[in-house]
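Summary of structural features
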Amino acid sequence: MASSRLRNPSISRGISIIRARFLSSTAASRSLSRSSYGRASLTLIGRMSRSSLFSTQRVVYDNLLKNKLHIGLRFFSAGDAPHTVLGMPALSPTMSQGNLAKWRKKEGDKIEVGDVLCEIETDKATLEFESLEEGFLAKILIPDGSKDVPVGQPIAITVEEADDIQKVPSSVTEGSDDKAENVSQQNLESDVGVQQTNSSKINTSELPPHVIVDMPALSPTMNQGNIAKWRKKEGEKIEVGDIICEIETDKATLEFECLEEGYLAKILAPEGSKDVSVGQPIAITVEDPADIEAVKTSVGSSSVQEKKPVHKEAKNEFSAETSTISRISPAAKMIITEHGLDISSLKASGAHGTLLKGDVLAAIRSGTASSKSSFKDTSSHKVSPKDATSSQLESKPAVQQLDSFENLPNSQIRKVIAKRLLESKQNTPHLYLSTEVTLDPLLSFRKELKEQHDVKVSVNDIVIKAVAVALRNVPEANAFWDSERGEIIPYDSIDISIAVATEKGLMTPIIRNADQKTISSISAEVKDLAEKARAGKLKPNEFQGGTFSISNLGMFPVDHFCAIINPPQAGILAVGRGNKVVEPVTGSDGVERPAVVNKMSLTLSADHRVFDGKVGGAFLLALQLNFSDIRRLML
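What counts and what doesn't
- Residues numbered from 1 in each chain as written.
- Predicted model: local features only at pLDDT ≥ 70, side-chain atom pairs only at ≥ 80, totals over all residues.
- Heavy atoms only, no water.
- Pairing = 2+ DSSP bridges.
- Helix = DSSP H or I, 4+ residues; strand = E, 2+ residues; numbered from the N terminus.
- Expected span 1.5 Å × (residues − 1).
- Buried < 20%, exposed > 50% of the residue type's maximum accessible area, 1.4 Å probe, protein only.
- Arc of directions from axis to C-beta.
- Contact = heavy atoms within 4.5 Å.
- UniProt positions renumbered as here; feature names shortened; annotations may be inferred.
- Phe/Tyr/Trp six-rings, centres within 6.5 Å; stacked < 30°, edge-to-face > 60°.
- Core = buried A, V, L, I, M, F, W, Y, C linked by side-chain atoms within 4.5 Å.
- Salt bridge = Lys/Arg side-chain N within 4 Å of Asp/Glu carboxyl O.

For the rest of this paragraph, the subject is the sheet that holds strand β26 (residues 430-438). In space, the 6 strands of this open sheet follow the order β26-β35-β34-β33-β29-β32, with mixed pairing throughout. Pairing within the sheet leaves two strands with one partner each, and these edge strands are β26 and β32 (510-511). Pairing analysis gives 9 bridges linking β26 to strand β35 (residues 592-607), with the strands arranged antiparallel. Bridge pairing links leucine 433 to leucine 604 in β35.

Counted at 1.5 Å a residue, the expected span for helix α8 (residues 440-453) with its 14 residues is 20 Å, and the 19 Å between its end C-alpha atoms agrees. Along α8, the residues that are buried comprise Leu442, Phe445 and Leu449. Down the axis, α8 shows its buried residues gathered within 65° of arc, on one side only. Of the residues in α8, the exposed ones pointing more than 90 degrees away from the buried face are Lys447, Glu451 and Gln452. Along its buried surface, α8 packs onto α9 (459-473), α10 (519-535) and α11 (613-628).

For the rest of this paragraph, the subject is unusual backbone geometry. Following proline 567, the chain continues into proline 568 via a peptide bond in cis, with omega recorded as 5°. By secondary structure assignment, the location of proline 568 is in the loop between β33 (548-552) and β34 (571-586). One non-glycine residue, aspartate 454, lies in positive phi territory at about 55°. Relative to the assigned elements, aspartate 454 resides in the loop between α8 and α9. The class of aspartate 454 is exposed, set by a relative accessible area of 62%. The backbone of asparagine 513 shows a phi angle near 50°, a positive value even though the residue is not glycine. By the secondary structure assignment, asparagine 513 is in the loop between β32 and α10.

With respect to topology, 4 strands assemble into an open sheet ordered β16-β23-β21-β18, the strand pairing being antiparallel. The open sheet terminates on both sides in strands that have one partner only, identified here as β16 (211-214) and β18 (237-238). In the sheet, strand β21 (residues 262-267) pairs with strand β23 (residues 281-286) via 4 bridges, with the strands oriented antiparallel. Bridging across to β23, lysine 266 finds its partner in isoleucine 284.

As recorded in UniProt, the sites labelled "domain: Peripheral subunit-binding (PSBD)" (unreviewed entry) are residues 327-364. The straight-line gap between the two end C-alpha atoms of residues 327-364 is 19 Å; of that span, 47% is helix and 11% is strand.

A full pass over the atoms with the stated rule returns 2 aromatic pairs. Considering the side-chain rings of phenylalanine 480 and tyrosine 491, the 5.1 Å spacing of their centres and the 40° angle between planes classify their relative orientation as tilted. Of this pair, phenylalanine 480 sits in strand β27 (residues 479-482) while tyrosine 491 sits in the loop between β28 (487-490) and β29 (496-498), and the two are 11 residues apart along the sequence. The two residues phenylalanine 480 and tyrosine 491 agree in class, both being buried. Aromatic pair phenylalanine 548 and phenylalanine 619: ring centres 5.5 Å apart, planes at 50°, arrangement tilted. Here phenylalanine 548, found in strand β33, pairs with phenylalanine 619, found in helix α11; they are 71 residues apart in sequence, far enough to count as distant.

Right, let's get into the nonpolar core. Counting 54 residues, the largest nonpolar core has Val467, Ile496, Phe611, Phe619, Leu623 and Phe627 as its most contacted members. Broken down by element, this core gets its largest block of residues, 9 residues, from α9. When neighbours within four sequence positions are excluded, valine 467 is seen to be in contact with Ile496, Phe548, Ile550, Leu573, Phe619 and Leu623. Of all hydrophobic cores here, the second largest spans 19 residues; its members include Ile267, Ala269, Val276 and Ile282.

Right, let's get into the pattern of salt bridges. The final tally for this structure, using the stated rule, is 22 salt bridges. Between glutamate 128 and arginine 104 there is a salt bridge whose closest N-O contact spans 2.6 Å. Of the two residues, glutamate 128 is situated in strand β12 (residues 126-130) and arginine 104 in the loop between β9 (97-103) and β10 (110-111); the sequence distance between them amounts to 24 residues. Under the relative-accessibility criterion, glutamate 128 is labelled buried at 1%. Looking at arginine 104, the relative accessible area reads 34%, which means it is partly exposed. Two residues, arginine 231 and glutamate 255, come together in a salt bridge whose shortest N-O distance is 3.0 Å. One end of the pair, arginine 231, is in the loop between β17 (224-230) and β18; the other, glutamate 255, is in strand β20 (residues 253-258), with 24 residues separating them in the sequence. Classification of arginine 231 as partly exposed rests on a relative accessible area of 34%. With relative accessibility at 11%, the residue glutamate 255 sits in the buried group. Residues joined in a network through salt bridges with shared partners are Arg231, Glu246, Glu255 and Lys537.

The following block contains the structure:
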């Protein structure tokens, strides 16, 4: 029934040297899936399964690492026939395991170049695995239906001659039978576990004919999402093309459109639900409006509730044994001094007997902490319950002041930005190079465009063009580091990512092939992409896959700064504001005289594995030449 699709199809870069056919998504149950077959060589276009809410998604696979795919290892020995062991290939950048859906060839069948050997379900889609060499399929090591087969694990053996099929080493085939049984047993256990998990959430046996709509994976890195807004209410009719809801992913907020007619019977994930895991049910749809009430009755409460921050008071759990205090942290010492507490009444939980701030606060909350004066008095007389209660009440306002705070919930985009920036600083060796360029030629050129040609462009538009031309002149700077191969991989295009601040976080829309576009076209595209970014309407292909980034803070009083690289890119240019400075300028008569010029600071943050000093210096030199003679950009 009400299967939905993304309004904007996502495009991701992958790696492939095989020809493949895109069949269907593997995210949902096959009983509800519908697939449309489409043949492609390196571009895979198809319709995702209805229960996963996908429709048309285009996946572009290019620049595949040959050692990760097909065909495996070829063995030669004196006693055994030459044979090739085929390993489970990595059909997408994020794939670590796959399911062997179906074998198209049987043991003993001849294999021609281009023949489909089997169908493999990846984390993105179902692909047909085609052979690149001739031969015979001697032994199938992993049977149909095997799931979670790790990348690289042997799945079959091929030979060149039919007579060699019986000569395949017995050591290989015997070991494979045990592996296949283990895989099958794991599959059976995992299927039972999945059925139990799903049934624990929703008892489908009590429901009329329906479709359970799950949270889909809308980007390669998405494992959870937020329900931003429901466009349809429970009981409303759904027409083809209607927007059901808006889902906030780790990249952007995307709209779901319906592919078929029906009725929205029950919303399981209410508006505002956060961190809903991919594959978790978010709604139920039916074909007959008479079934709506039956669904509502059977599913009494929402299976997904909005997560709200809960502040739990620290529980005071002390062991029976007394802990000696050898050291006191500075924060704990300050609280002890402010409240006049007796150290002997406190217990340390830190390493090597260190008294922590949390230990002191926990003691104050529980009332076990005593002041110095009261501790001394206890030796001569007992403290009445009334006095103890009043002393605890007096200490509470001070504790509340220390603990007073407000949680500001982060959007999914900000969480991902924080995580990836940290990973970038930890995993990427940053190299920083700075220079200054003269802005006067740029400002004169900009004024000329406005007065003579009525073309309005910003300084940032010209900077984008200057950077793109510099990357074209120094192609070594337009590359990225492949960690798996340990090599520098050059990009085949110059796509500039521009940092745009939005309410939800920093977005980086991309100017594709910026070196081939005019400044006026760059200006128009930047304005359009910036508006989409601030409205949260960017398509995935408009912010994924850049080769170099620019972060411009020239509109603020920022003279210079260092930006953090956006992996897998290897460089980002930080642009500061323009300042008037006095420096010697050579006149037409060859005499140097002091003059006021406009200077702008540029700082390059580069991946030191890609950029060494020579490449970085050559790039900044090319950039300086572009700013000194701005008409070079017109060539």
